[in-house]
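# Residue-level structural notes
Chain by chain, the residues:
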Amino acid sequence: MPQSLIGIFGGTFNPVHVGHVRAAIEVAEALGLGGVEFVPAARPPHKCGEPMLDFPFREKLCRLAVRGVPGFSVNPMEAGRPGPSYTWDTLEALGRERPDTAFCFILGQADLPQLPTWKNGLALGRLAHLAVHSREGQGLEAFAAFMRAHAPVMEAAPTADPARWKLPQGRNMTFVPITRLDVSASDVRERWRRGRRIHGLVAEAVRHELENHAEALEAVWGRRDPA
Ligand code: ATP
């Protein structure tokens, strides 16, 4: 029997911001997760054109962001795998490494429409529970429309609760409404480039780390306007 359900929160985290941390906390509380592991993508297949901080730095920022949140941690496993960082491969590896643990993959509603383009995206439910949280006002209606369109391929069946669909092997795919925080990493990067303050958009420890590496950041995100 699985001992507890562990959330796996994948993302580019370039950089990690308060929207990420709040989303993970609210999903964990809604679904009673035993913990959440932030899994920074080493080579995200869908964001290859973007100026991205190197993996160790994004990982460090994630560690600073989740520090002090009970049950939260960072799993750098994708750095050890060559080639594009596919979620399918990550969930397969987790299943092999920890066969007694059940996993719940967490993603934002804004990314749900792209799921069919991910490697075995519509089959991820064979490896883990799935939690989809609201983002930028996209809610249950958009989730339900996606599920209706893809249920046959996903082998998903509706339940009396429109936010919960059954997946094969006793798993669930659940929509979780969360507090709306319209923060994005691209907006944080843009503000940083324009020399604006990013206080409140990222954890203070993350902001300090960004400030301490301002020169290295400029080489990746672009030149910073004087404040
Ligand atoms: P970018 O602006 O560079 O595209 P991002 O802010 O969307 O980045 P990602 O690392 O791509 O950050 O996101 C990881 C996951 O977190 C995705 O599932 C995304 O939908 C979700 N997410 C990001 N920001 C928020 C937010 N403000 N509220 C809820 N979910 C979010």
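Right, let's talk about the packing of helix 5 (residues 185–193) against helix 7 (residues 214–221) for a bit. Orientation of helix 5 relative to helix 7, taken along the N-to-C sense of each, is 115°, at an axis distance of 11 Å. Classified by the angle their axes make, helix 5 and helix 7 are roughly perpendicular. Helix-helix and strand crossings are classified by hand; for helix 5 and helix 7 the assignment is left-handed. Across the interface between the two elements, Arg189, Trp192 and Arg193 of helix 5 pack against Ala214, Leu217, Glu218 and Trp221 of helix 7. Residue composition of the contact of helix 5 with helix 7, by class: four nonpolar, no polar and three charged.

What follows is about the site of the ligand. In the vicinity of the ligand there are 23 residues, among which Lys47, Leu181, Val183, Ala185 and Ser186 approach most closely. Between Leu181 and the ligand, the recorded distance is 2.7 Å, taken from a backbone N or O atom to a nitrogen atom. Compared with its free state, where it exposes 610 Å², the ligand has 92% of that area covered by protein. Here the ligand is seated within the largest pocket. Put simply, the parts of the chain that give the shell around the ligand at least two residues each are strand 1 (5–11), helix 1 (18–31), strand 4 (102–108) and helix 5. Split by residue class, the shell around the ligand holds seven nonpolar, eleven polar and five charged.

To find the voids left in a structure, one rolls a probe of water-molecule size over its atoms. Taken as a whole and assessed by the stated rule, the structure comprises one cavity of 30 Å³ or more. In this structure, the largest cavity spans a volume of roughly 60 Å³. Within the lining of the largest cavity, the residues separate by chemical class into six nonpolar, one polar and two charged.

Geometrically, the link from Asn14 to Pro15 is a cis peptide bond, its omega value of 5° lying close to zero. Tracing the sequence through the fold places Pro15 in the loop between strand 1 and helix 1. You will see that Glu136, though not glycine, has its phi angle at about 50°, which is positive. Turning to its location among the elements, Glu136 is positioned in the loop between strand 5 (129–133) and helix 4 (140–154). Classification of Glu136 as partly exposed rests on a relative accessible area of 39%.

Okay, the pattern of salt bridges next. Under the definition given, this model contains twelve salt bridges. The residue Arg22 makes a salt bridge to Glu26 at a minimum N-O spacing of 3.0 Å. Residue Arg22 and its partner Glu26 are located together in helix 1, separated by four residues, close to a single helical turn. The class of Glu26 is buried, set by a relative accessible area of 12%. One salt bridge connects Glu209 with Lys60, and the closest N-O pair in it is separated by 2.9 Å. Here Lys60 lies in helix 2 (residues 55–66) and Glu209 lies in helix 6 (residues 204–212), a separation of 149 residues in the sequence.

Parameters and conventions
Residues numbered from 1 in each chain as written. Predicted model: local features only at pLDDT ≥ 70, side-chain atom pairs only at ≥ 80, totals over all residues. Heavy atoms only, no water. Axes fitted to C-alpha atoms, helices over the stretch in contact; angles between N-to-C directions. Helix = DSSP H or I, 4+ residues; strand = E, 2+ residues; numbered from the N terminus. Parallel < 35°, antiparallel > 145°, perpendicular 65-115°, else oblique. Left-handed = near helix turned anticlockwise from the far one by under 90°. Contact = heavy atoms within 4.5 Å. Nonpolar A, V, L, I, M, F, W, Y, C, P; charged D, E, K, R; others polar. Near = heavy atom within 4 Å. Polar contact = N/O pair within 3.5 Å; in protein donor to acceptor, adjacent residues only side chain to side chain. Areas by Shrake-Rupley, 256 points an atom, 1.4 Å probe, with all protein chains shown as cover. 1 Å grid on protein atoms, 1.4 Å probe; cavity = no way out; pocket = protein on both sides within 12 Å on 5 of 7 lines; lining within 4 Å. Sits in = over half its atoms within 2 Å of the grid points. Points joined across faces, edges and corners; volume = space filled by probe spheres on them. Buried < 20%, exposed > 50% of the residue type's maximum accessible area, 1.4 Å probe, protein only. Salt bridge = Lys/Arg side-chain N within 4 Å of Asp/Glu carboxyl O.

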